[in-house]
Amino acid sequence: MSVLDSKIPEGPLKDKWTNHKNKIDLVNPANKRKIDIIVVGTGLAGGSAAASLAEMGYNVKSFCYQDSPRRAHSIAAQGGINAAKNYQNDGDSVYRLFYDTVKGGDYRSREANVHRLAEVSGNIIDQCVAQGVPFGRDYGGLLDNRSFGGVLVSRTFYAKGQTGQQLLLGAYSALNRQIAKGKVTMYNRHEMVELVKVNGKARGIIARNLETGELERHSAHAVVIASGGYGNVFFLSTNAMGSNATAAWKIHKKGAHFANPCYTQIHPTCIPRSGEHQSKLTLMSESLRNDGRIWVPKNMEDVLAIREGKLKPTDLSEDQRDYYLERRYPAFGNLV
Ligand SMILES: Cc1cc2nc3c(=O)[nH]c(=O)nc-3n(C[C@H](O)[C@H](O)[C@H](O)COP(=O)(O)OP(=O)(O)OC[C@H]3O[C@@H](n4cnc5c(N)ncnc54)[C@H](O)[C@@H]3O)c2cc1C
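Residues numbered from 1 in each chain as written. Predicted model: local features only at pLDDT ≥ 70, side-chain atom pairs only at ≥ 80, totals over all residues. Heavy atoms only, no water.

## With respect to the overall build of the protein
Convention followed: Helix numbers and strand numbers start at the N terminus; a helix is a DSSP run of H or I with at least 4 residues, a strand a run of E with at least 2. Three exposure classes are used, based on accessible area relative to the maximum for each residue type with a 1.4 Å probe and protein chains only: buried under 20%, partly exposed in between, and exposed over 50%. In this description, contact between two residues means that some pair of their heavy atoms is separated by no more than 4.5 Å. A 1.4 Å probe and the Shrake-Rupley method give the accessible areas. Residues count as covered only by the protein chains that appear here. As used throughout, the charge tally considers Lys and Arg to be positive and Asp and Glu to be negative, leaving His and the chain termini uncounted. Note that the charge is assigned to NZ on lysines, CZ on arginines, CG on aspartates and CD on glutamates.
When you go through the protein residue by residue, the secondary structure sums to 9 helices and 11 strands. In terms of overall dimensions, the protein has C-alpha extents of about 75 × 50 × 50 Å along its principal axes. Taking all 336 residues of the protein together, the buried fraction comes to 35%. By sequence separation, contacts in the protein at least 24 residues apart represent 60% of the contacts at least 6 residues apart. Looking at the protein as shown, the accessible area adds up to about 20,100 Å², and 53% of this sits on carbon and sulfur atoms. Once the 44 positive and 32 negative side-chain charges of the protein are each reduced to a mean point, those two points are 8 Å apart.

## Remarks on the side chain of Ser121
Mapped onto the secondary structure, Ser121 falls in helix 5 (residues 111-130). Residues contacting Ser121, with those up to four places away along its chain left out, are Asn82, Ala83, Ala84 and Leu97.

## Points about the state of the cysteines
Heads up, the condition is: Sulfur atoms of two cysteines make up a disulfide when they are within 2.5 Å.
Inspection of every chain in the model, using the stated rule, returns 0 disulfides. Cysteine Cys64 remains unbridged, with the sulfur of Cys128 as its closest cysteine sulfur at 20 Å. Cys64 gets classed as buried once you look at its relative accessible area, which sits at 5%.

## Some words on the site of the ligand
For the record, the criterion: Definition of nearness: a residue and a molecule or strand are near each other if at least one heavy atom of the residue lies within 4 Å of the molecule or strand. Think of a polar contact as two N or O atoms within 3.5 Å of one another; within protein, one of them needs to be a possible hydrogen donor and the other a possible acceptor, and neighboring residues in sequence only count if both atoms come from side chains. Gly is placed with the polar residues, together with every amino acid not listed as nonpolar (Ala, Val, Leu, Ile, Met, Phe, Trp, Tyr, Cys and Pro) or charged (Asp, Glu, Lys and Arg).
Around the ligand, the structure places 33 residues, and the nearest of them are Gln66, Ser74, Gly79, Gly80 and Met192. A distance of 2.9 Å separates an oxygen atom of the ligand from a polar atom in the backbone of Thr42. About the coverage of the ligand: the protein hides 81% of its 1,000 Å² of free accessible area. Counting residues per element, the ones that place at least two in the shell around the ligand are helix 3 (44-56), strand 6 (190-198) and helix 7 (246-253). Of all the elements, strand 6 adds the most residues to the shell around the ligand, at 3 residues. Split into classes, the residues belonging to the shell around the ligand amount to 14 nonpolar, 17 polar and 2 charged.

The following block contains the structure:
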């Protein structure tokens, strides 16, 4: 049986990554240009990794199976991105974002990594704004936040109901800048079909050119896999059929661990399926999340009458409705 070594740095939880970053071996700027890195995926993870690595001086080869990096499935994300900036003065902090994220991850996430996410969350927003991502703003022009994700603070930065699309356009602009500078070579319509290992280390990939059908070999000093989610384990999900985990499966077969397969994001508020032709579910607007109220009829007779079509839910008066989330969880109410 293999033993998982997640290589989380030593030290107290909140200092682990800071200590690691302070002590990690650095690469001389003149040497960076001698190092090649393959990045599979051009979504928010891969697109920004490729752009950042190239900006730092490495030579990057970037792969996606779509006809443009812009079509990665990150484009579907609607609601927003969390950051512990405490702009709303509602008591937010790095610790609270860390705590809420660990809780939201059902206490299964790697806590040190979540802490790092919370630490860098503010910088990510600054960088996105600098890259031109049009986050929602209040009347005075300052960045706005929405209440999102079932927490007691408003820390979500958003761009209407298209945050993923706008963020991806930001990452894509940064990527394009590096493509134009010759630091990133872009391979659209290329599907990674195999990982190449040399002496136990990932040193390349085999990719199929989806236009010609040819198999190609690509080598590098390191390979980053940022190939997205594993949504299609269910019949229909909000992931496109293309989000089929082929790259993740290939690297798993070569020794990478595949953790928490039960962890598939579910969007309960989807437009109902309209027929056999439909390959994915479409999310209702997330811009209204956490507004509105949720109730069920208080009396069983009303439930039965609604089921039989003899009564409309809208005919029930306030005192016939049970706002059960607000009743059972008064602090969180509908945020539950
Ligand atoms: C409808 C919806 C709403 C969401 N809303 C939110 C939200 O409000 N807030 C939030 O934080 N998150 C949200 N999410 C989740 C979030 O969008 C995703 O977790 C995130 O965007 C995934 O980014 P990624 O870069 O890992 O993957 P993706 O964007 O899926 O990119 C995967 C990339 O890998 C490439 N690829 C895959 N396999 C191969 C292969 N074999 N060879 C070559 N290339 C390959 C693809 O071409 C693509 O470029 C939402 C998700 C969905 C579906």
